[in-house]
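Spelled out, the chains give:
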Amino acid sequence: MPSEVSRLRTGVKGIDDLIEGGIPEGFLVAVTGEPGCGKTIFSIHFINQGILDGDKCIYITTEESRESIMRQASQFGMDFEKAMEDGKLIIVDALMGREDKWSLKSLDMEALVEKIIEAKKELGYGRARIAIDSLSAFWLDRPAMARRYSYYLKKVLSKWNFTILAVSQYAITTAESFGWGIEHIADGIIRFRRALRGGELKRFVIIEKMRQTNHSRYLHEIDIRPGVGLMVLGRVERRVENYKLPPDVMRRIIEAKRRAEEIL
Ligand SMILES: Nc1ncnc2c1ncn2[C@@H]1O[C@H](COP(=O)(O)OP(=O)(O)O)[C@@H](O)[C@H]1O
Ligand SMILES: [Mg+2]
């Protein structure tokens, strides 16, 4: 009998509910979507849940500074500063190019892997989770390397009992035009989306892939709320109103039909 899958909660209950309770331990999961649709905030939830669950946590930030990630977390009541002081979390800053121990001076794949292993040694023995926000930043100037780089990362880090959330900035279709992206080697794909509906910005999530999991196949609307963070509002239904014609058009069609029947 295969043993039961051990899962890591993501920190967003509504998303755990779509994937049988969480991400299987040891997985590399790609998080994709357009700018502003919630990828960084989801990564922050994932790391915060790790802190609560006693995991060793590493956050790699390439698009924002360490301080920016800490500030965003604190807006949702998550104390990353304390977690760092307590030796539960290391935030590797790959944006600012500073000299401190937990900064990356260049977006180099081997340097990233070395830094992750160094961080894990510092945090100590035990289950670990990493958010790499974003991984695609490491091949921005050499997109043809995307697949090779993500394969290398997965191969090296799989020995270390890490569960990895890897943010990819590209939409999958765009990534394909640049060469195979991380989505192709990932064990799971969580896709965020955004759209304008009636002049309002709406955000959505769909699980496109999650190995060993009977995951939801439906688009769900999400929201980002002050003091709370990301939450799932519910499944997007096909609404009748979306297909119904405007009332005056409907009235004219019915009128025309009635007149036609009168003539006959
Ligand atoms: N404190 C907050 N309250 C409500 N919404 C917020 C808050 N902080 C950020 N947001 C929303 O989250 C968005 C940023 O989400 P983020 O996860 O950084 O996107 P990305 O997918 O680009 O990483 C902002 O554009 C804003 O709409
Ligand atoms: Mg981001």
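Above this text you will find the structure in question.
Residues numbered from 1 in each chain as written. Chains lettered and ligands numbered in written order. Predicted model: local features only at pLDDT ≥ 70, side-chain atom pairs only at ≥ 80, totals over all residues.

So, on to the overall build of the protein chain. A tally of helices and strands in the protein chain yields eight helices and 11 strands. With the C-alpha coordinates aligned to their principal axes, the bounding extent of the protein chain is approximately 85 × 50 × 40 Å. Relative to its full complement of 264 residues, the protein chain shows a buried share of 39%. Here the contacts in the protein chain between residues at least 6 apart in sequence split such that 67% fall between residues at least 24 apart. (Helix = DSSP H or I, 4+ residues; strand = E, 2+ residues; numbered from the N terminus. Buried ≥ 20, exposed ≤ 12 C-beta atoms within 10 Å, placed from the backbone. Contact = placed C-beta atoms within 7 Å.)

This part covers the nonpolar core. Val-29 and Ala-166 are the most contacted members of the largest nonpolar core, which has 64 residues in total. Top element by residues in this core is helix α2 (residues 39-52). It accounts for six residues. In contact with Val-29, other than residues within four places in its own chain, are Ile-23, Ile-164, Leu-165, Ala-166, Ala-186, Asp-187, Gly-188 and Ile-190. (Core = buried A, V, L, I, M, F, W, Y, C linked by C-beta atoms within 7 Å.)

This next bit is on the sheet that holds strand β11 (residues 229-235). Judged by pairing direction, the sheet is mixed, and its nine strands sit side by side in the order β5-β4-β6-β7-β3-β8-β9-β10-β11 without closing on themselves. The sheet is open, and its two borders are formed by β5 (89-93) and β11, each paired with just one other strand. Strand-to-strand, the axes of this sheet are offset by a mean angle of 20°, without reference to chain direction. Across five bridges, strand β3 (residues 28-32) lies against strand β7 (residues 162-168) in parallel orientation. (Pairing = 2+ DSSP bridges. Axes fitted to C-alpha atoms, helices over the stretch in contact; angles between N-to-C directions.)

Next up on the list: the site of ligand 1. Lining the immediate environment of ligand 1, one finds Gly-33, Pro-35, Gly-36, Cys-37, Gly-38, Lys-39, Thr-40, Ile-41, Gln-75, Ile-224, Arg-225 and Pro-226. Among the elements of the structure, α2 and β10 (220-225) are those that each provide at least two residues to the shell around ligand 1. Tallying contributions element by element places α2 first for the shell around ligand 1, with three residues. Residue composition of the shell around ligand 1, by class: five nonpolar, five polar and two charged. (Near = placed C-beta within 6 Å. Nonpolar A, V, L, I, M, F, W, Y, C, P; charged D, E, K, R; others polar.)

Relative to the elements of secondary structure, Glu-85 occurs in helix α4 (residues 80-85). For Glu-85, a count of 10 C-beta atoms within 10 Å corresponds to the exposed category. Sequence-wise, Glu-85 and Arg-127 are 42 residues apart; in three dimensions their C-alpha atoms are separated by 19 Å.

This next bit is on α2. With 14 residues, α2 should reach 20 Å at 1.5 Å per residue; the first-to-last C-alpha distance of 20 Å fits that figure. Along α2, 13 of the 14 residues are buried, which leaves the element largely enclosed by surrounding structure. Backbone geometry just after α2 places Gly-54 at a positive phi near 80°. (Expected span 1.5 Å × (residues − 1).)

Let's shift gears to the packing of helix α5 (residues 109-123) against helix α6 (residues 146-157). For any two helices packed against each other, one specifies the inter-axial angle together with the distance between the axes. Contact geometry of α5 with α6 gives a least axis separation of 11 Å together with a crossing angle of 20°. Between α5 and α6, the angle falls in the class roughly parallel. Here α5 and α6 pass one another in a crossing that is right-handed. For the pair formed by α5 and α6, the contact residues are Met-109, Val-113 and Ile-116 on the first element and Tyr-149, Tyr-152, Leu-153, Val-156 and Leu-157 on the second. Residues belonging to the contact of α5 with α6 are distributed by class as follows: eight nonpolar, no polar and no charged. (Parallel < 35°, antiparallel > 145°, perpendicular 65-115°, else oblique. Left-handed = near helix turned anticlockwise from the far one by under 90°.)

Attention now goes to the pairing of strand β9 (residues 200-210). Pairing of strand β8 (residues 188-197) with β9 involves 10 bridges; the strand directions are antiparallel. Within β9, the residue paired with Leu-196 across the bridge is Leu-201. Between β8 and β9, which pair antiparallel one after the other, the connecting turn spans two residues, and Gly-198 there sits at a positive phi close to 60°. Both β9 and β10 contribute to a ladder of three bridges, which runs antiparallel. Bridging across to β10, Phe-204 finds its partner in Glu-221.

Below, the discussion takes up the pairing of β11. Sheet topology note: the β10/β11 ladder contains six bridges and is antiparallel. Bridge assignment links Ile-222 to a residue of β11, and that residue is Val-232. Following β10, the chain reverses through three residues before pairing antiparallel with β11; Gly-227 in that reversal takes a positive phi of roughly 75°.

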